[in-house]
Amino acid sequence: MTQVIDDSLEAGREAARRHAWRDVYELLRQADKDGELTGDDLQNLAEAAWWTGHLEEAIALRERAYAAFVEAGDTRRAAMLAVMMSMDHAARAAMSVSSGWLARAERLLGNETEIVERGHLALARGMYALDMGELDTASVEFGRAQELGARFRDRDLEAMALVFKGTVLVSRGEVTEGLALLDEATAAAVSGELQPLATGMVYCVTVHSCQTLGDCGRAAEWTEAANRWCDRLDLSGFPGACRIHRAEIMRLRGEWSEAAEQAIQACEEVYEYNRFVTAAGFYEIGEIRRRQGDFAAAEEAYRKTNELGRNPQPGLALLRLAQGKVDAASTAIKRELAGESFDPLGRARRLPAQVEIALATGEIRRAREAADELERIADEYRVGGRRTPALEGTVQLAWGQIRLAEHDWEDAATVLHSARTTWDRVGAPYETAQARMLLGLAYRGEGDEDGAREEFKAAKATFERLGAVLDLQRAAELLGEAAAHRTFMFTDIVDSTKLVEVLGEEKWRKLLTWHDRRLRELIEEAGGEVIKQTGDGYFAAFQTSPAAIEAATGILRALDEEPLAPDVRIGVHTGGAFQKDDDDFAGQGVHMAARIGALAGGGEILVSRESVDGGSRFSLSEPRAEKLKGFDDPVELVAVKWR
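Procedures and definitions
Residues numbered from 1 in each chain as written. Predicted model: local features only at pLDDT ≥ 70, side-chain atom pairs only at ≥ 80, totals over all residues. Heavy atoms only, no water. Helix = DSSP H or I, 4+ residues; strand = E, 2+ residues; numbered from the N terminus. Expected span 1.5 Å × (residues − 1). Buried < 20%, exposed > 50% of the residue type's maximum accessible area, 1.4 Å probe, protein only. Arc of directions from axis to C-beta. Contact = heavy atoms within 4.5 Å. Salt bridge = Lys/Arg side-chain N within 4 Å of Asp/Glu carboxyl O. Core = buried A, V, L, I, M, F, W, Y, C linked by side-chain atoms within 4.5 Å. Pairing = 2+ DSSP bridges. Phe/Tyr/Trp six-rings, centres within 6.5 Å; stacked < 30°, edge-to-face > 60°. Disulfide = S-S within 2.5 Å.

*Asks:* Before we go on, may I ask you to explain helix H6 (residues 95-109) in this structure?
*Replies:* What sets the pattern is the α-helix's 3.6 residues per turn: residues three or four places apart point alike. Between its first and last C-alpha atoms H6 spans 21 Å; for 15 residues at 1.5 Å apiece the expected length is 21 Å, and the two agree. Residues of H6 that are buried include every one of Ser98, Trp101, Leu102, Ala105, Leu108 and Leu109, and no others. The buried residues of H6 occupy one face: seen down the axis, they fall within an arc of 120°. Exposed residues on H6 whose side chains face more than 90 degrees from its buried face are Ser96 and Arg107. Tucked inside the fold, the buried residues of H6 contact helix H4 (55-71), helix H5 (75-91) and helix H7 (116-131).

This is how it looks when you write it as structure tokens:
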């Protein structure tokens, strides 16, 4: 047994020198069975546990290594571990614990000031100051860390300090100087000069800074480099952060399904490591689902974003606007921008939403003020004397929307033509299509109907390819295509007459009032619109089938939790219909949904099979064919297993 442990120990040490962390984890765990690992071995095992997704074990091992170094009188090594554990706990938002470990590191180093460990302590302090928006303090700490890293030839420390100094400069508006430092630090990562942790940190900070700045080209280049590094690692942790950056670039390029997959995988990989990065992943998922018209999934993603400590704005305000909750959207974005906690680039991410929402509420003056501020920020953060592409395109779209609202067709056409060109050069199909649809409105205002229709058709084709349901519907309406595809839902209380007899009029009236209010809430929360009441139920319309099924499932689950709630049956179908002057719908799609609802049993959600061809996150029954009144051919139906 002793020989096995000795062999594992030597093999584990060799694997650690190669950064083969999965092998290190297995081998040193085997060697640790007698509890006699040295401080160095425990530190290697902790590192292996961290990189292979065993964070709790990594922290426990670092604590053991820390204790071993303290007992051996190696206070400098112990202080380095204390700094590392401080950063581990900070990433998980355990700030009190993090501060405690940082204080231990400070105490252990005592009066020794000109040592490399002081540089790592300064780096950690600088990161905390940066998170708090204290740029002056952060700059001083990063400068100290860089100086000590260079003096003691600690390339990792020097590169990490350099990349954070670049971020501070970019945040201050010293963009050219900041980007130069970011590129210098990231070049060191690409060349293989740095250890894995420093490499991952440099990549993440650089890509995040470029994306925040709107420098799409530089962000894409460094994202590709980071992805090549991540893909070479059969590890957990930093690869998840890389996937989130990849998802953001993919979304911009119009690869929405792939972007969502990357973001979901990223959240799984980094959930135990970093709450802030995980929150960014959920926010990205929310942005994709909102554009796809899947309001329930977007709402859930934004909720998780908020739970993990990240503000879900402006995405949540734009979701409320898309749901038709204009007042809620307006209140949310006004409150968001009223605070003084955001730096200019943080405000730049929120101001476009203010423009769109203000125009929806008829507040043109507020929209103009937001666009003016956005333009000032774009000018302040120029790169090489020019606005970054994303900020320039965003400014152009904002002013285009305002000019349309003012019926200044000529100026609107000019600025929106520029927006179309800018976003096309960026390679962002969704934003390009948005610009084209708005440009079509400007052309129509000028009397150029042929030009308008060409823009609408091009936008519609892009929205259809992307799966941007709401935008697709809008483009179709602008083209005058009468039959819009919607998902229709009919609900109905089963045996309501018998319930009245059993409960009596007074209790029945109270139950019905509760039923009506609750169903309307759940329909609207899922992004649906109540068209009208139909006796003891509702007729509702949704932009997508998943949203309708989410609402239907929510309704039956809510009723199931209420002891006195009535049995309700629900029918769902996606099909063509036209909207009448009184906002009601008519057409075959509506009739089929009503017939399906009539076939459903109490507590059953019955859906036409074609409505769930794109898949459903709920289990479905085997299909059955039914003959519906008024329709020649049988229709295949499935039941949603909502329980």
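*Asks:* Is there a simple way to explain the pattern of salt bridges in this structure?
*Replies:* As a working rule, side chains carrying opposite charge can pair if their charged atoms are close by. Tallied over the entire structure, the rule returns 52 salt bridges. A salt bridge links Arg17 to Glu14, with the shortest nitrogen-to-oxygen separation between them at 3.0 Å. Of this pair, Arg17 and Glu14 are both found in helix H1 (residues 2-17), three residues apart, which corresponds to roughly one turn of the helix. On the basis of relative accessible area, Arg17 is assigned to the exposed category, the value being 58%. Overall, Glu14 belongs to the partly exposed group, its relative accessible area being 36%. Between Arg18 and Glu14 there is a salt bridge whose closest N-O contact spans 3.8 Å. Relative accessible area serves as the criterion here: at 49%, Arg18 is assigned to the partly exposed category.

*Asks:* Please explain the nonpolar core as it appears in this structure.
*Replies:* Note that soluble globular proteins tend to have their nonpolar side chains buried in a common cluster. Among the nonpolar cores identified, the biggest contains 153 residues, and Leu123 and Phe164 are the most heavily contacted of them. Among the elements that line this core, the one with the most residues is helix H9 (residues 155-172), at ten residues. Grouped together as the second largest cluster of nonpolar side chains are 34 residues, Trp508, Ala551, Leu556 and Trp642 included.

*Asks:* Honestly, the environment of Gly385 in this entry has me stumped. Any pointers?
*Replies:* One can find Gly385 in the loop between helix H20 (364-380) and helix H21 (389-405). Sequence separation between Gly385 and Arg617 is 232 residues; the distance between their C-alpha atoms is 49 Å.

*Asks:* What exactly am I supposed to notice about the pairing of strand E3 (residues 537-542) here?
*Replies:* It is a general feature of regular strands that their side chains alternate between the two faces of the sheet. Of all six residues making up E3, six are buried, and the element is well covered by its neighbours. Side chains Gly537, Phe539 and Ala541 of E3 all project onto a buried face; the interleaved residues Tyr538, Ala540 and Phe542 project onto the opposite face, where all are buried too. Looking at chain direction, strand E2 (residues 529-534) and E3 are connected through five bridges and run antiparallel. Bridging from a neighbouring strand, Glu529 pairs with Ala541 of E3.

*Asks:* Whenever I open this one, the side chain of Thr388 confuses me. Can you help?
*Replies:* Structurally, the position occupied by Thr388 is in the loop between H20 and H21. Residue classification places Thr388 among the buried residues on the basis of a relative accessible area of 2%.

*Asks:* Where do I start with the packing of aromatic side chains in this structure?
*Replies:* Given two aromatic rings, their pairing is described by the distance between the two centres and the angle made by the two planes. In total, this model carries eight aromatic pairs according to the counting rule given. Judged by centre distance (5.9 Å) and plane angle (40°), the rings of Phe488 and Phe539 are tilted. Of this pair, Phe488 sits in strand E1 (residues 484-493) while Phe539 sits in strand E3; the two residues are 51 residues apart in sequence, bridging distant segments of the chain. In this structure Phe488 comes out as buried when scored by relative accessible area, which is 0%.

*Asks:* For this particular structure, what's the right way to read the environment of Lys460?
*Replies:* In this structure, Lys460 sits in helix H24 (residues 449-466). The class of Lys460 is buried, set by a relative accessible area of 18%. With 80 residues separating them in the primary sequence, Lys460 and Ala540 have C-alpha atoms 25 Å apart.

*Asks:* Can you walk me through the state of the cysteines in this structure?
*Replies:* Simply put, disulfide is the name for a covalent bond between the sulfur atoms of two cysteines. Within this structure, the stated rule accounts for zero disulfides. There is no disulfide at Cys216, and the cysteine sulfur nearest it, in Cys210, is 10.0 Å away.

*Asks:* When you look at unusual backbone geometry in this model, what are you seeing that I'm missing?
*Replies:* Trans is the prevailing form of peptide bonds, just as negative phi is the prevailing case for residues other than glycine. Between Gln313 and Pro314 the backbone carries a cis peptide bond, its omega angle lying at 5°. The backbone of Ala93 shows a phi angle near 70°, a positive value even though the residue is not glycine. With respect to the helices and strands, Ala93 occurs in the loop between H5 and H6. What makes Ala93 partly exposed here is its relative accessible area of 37%. The phi angle at Asp495 is positive, at roughly 55°, despite the residue not being glycine. Looking at where Asp495 falls in the secondary structure, it is placed in the loop between E1 and helix H26 (496-503).

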